[in-house]
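Here's the letter readout for the chains.
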Amino acid sequence: MTDRPGFLRRNLWVLITATVLVAACIGAGLQQMERSRGLDAQSGEIVDLERRLATARVADDEAAEANTYEALGVTKSRLAADRAVIDDVLVTAFTWDDGKSYEAARADLVDSFGLDEKGPFLTEFMPPATRTVVDRTSQYYIDAVGLVFSLGEDVDVDSTRVIGTDYEYAVVADIDVSSSNVLPGSDGATPTETRRMLLRITVDGEGEVTALTGVPPSERTQSS
């Protein structure tokens, strides 16, 4: 028969030490859980603060833009109407794939948007298509090189000045340039060069383009 009091007396300190270690482990575990809950709560607060800050910045930007437009005498409804006109002008001027469609685009800018055929845009920036002789046959130079223009997706329009009912805009547009004479790559894509155009457009109160000038492209990006 085991002498239980003797056993407890001999192992008392071992039992006490084990009990203390178990209690310490439990306490450490509880502290770690509490610390984790605290970190999760702090992370949630940080995310919430960042969201509020982003919202506040957007509101500030919109307020600053509204104040700028107010100072210029610009209305949002007019901006929306003029943007539609500007988009139509850009699509017309920079979407063509041969000499005939190029000349048709120039004629459309005169007939549909009221541009001066002898103005700087249609005489210097987008002049009449030139012809060249290929195999003793006269053809558009555009057709000889297979030049293809299309309006890119990146178009920025900013109002810069208001004079009476005339709104002047600075427009930066990406134009994708390729050639129909270049065969597509193994992936089926045609090599394309993106050029950035800077334009200044003035639209009157009737939605007519009264002035249009352009600056030649200054950036080129190759893609395929």
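What counts as what
Residues numbered from 1 in each chain as written. Predicted model: local features only at pLDDT ≥ 70, side-chain atom pairs only at ≥ 80, totals over all residues. Heavy atoms only, no water. Phe/Tyr/Trp six-rings, centres within 6.5 Å; stacked < 30°, edge-to-face > 60°. Buried < 20%, exposed > 50% of the residue type's maximum accessible area, 1.4 Å probe, protein only. Core = buried A, V, L, I, M, F, W, Y, C linked by side-chain atoms within 4.5 Å. Helix = DSSP H or I, 4+ residues; strand = E, 2+ residues; numbered from the N terminus. Polar contact = N/O pair within 3.5 Å; in protein donor to acceptor, adjacent residues only side chain to side chain.

Participant: Can you lay out the packing of aromatic side chains for me, pointing to particular residues and giving the numbers?
Facilitator: Applying the stated rule across the entire model yields 5 aromatic pairs. Between tryptophan 96 and tyrosine 102 the ring centres are 4.9 Å apart and the planes differ by 85 degrees, which places this aromatic pair in the edge-to-face class. For tyrosine 102, a relative accessible area of 7% corresponds to the buried category. Ring geometry for phenylalanine 121 and phenylalanine 125: centres 5.0 Å apart, planes at 25 degrees, overall stacked.

Participant: Describe the nonpolar core, with residues and values.
Facilitator: Grouped together as the largest cluster of nonpolar side chains are 35 residues, with contacts concentrated most on Phe94, Leu109, Phe121, Met126 and Val171. For this core, the secondary-structure elements that each account for two or more residues are helix H2 (76-93), helix H3 (99-111), helix H4 (120-125), strand E3 (147-163), strand E4 (166-179), strand E5 (192-203) and strand E6 (209-215).

Participant: Quick one: what's the story with the side chain of threonine 194, residue by residue and with numbers?
Facilitator: Secondary-structure assignment places threonine 194 in strand E5. Threonine 194 gets classed as buried once you look at its relative accessible area, which sits at 18%. Within polar-contact distance, the side chain of threonine 194 engages the side chain of aspartate 176 at 3.0 Å.

These figures come from the coordinates and say nothing about function on their own.
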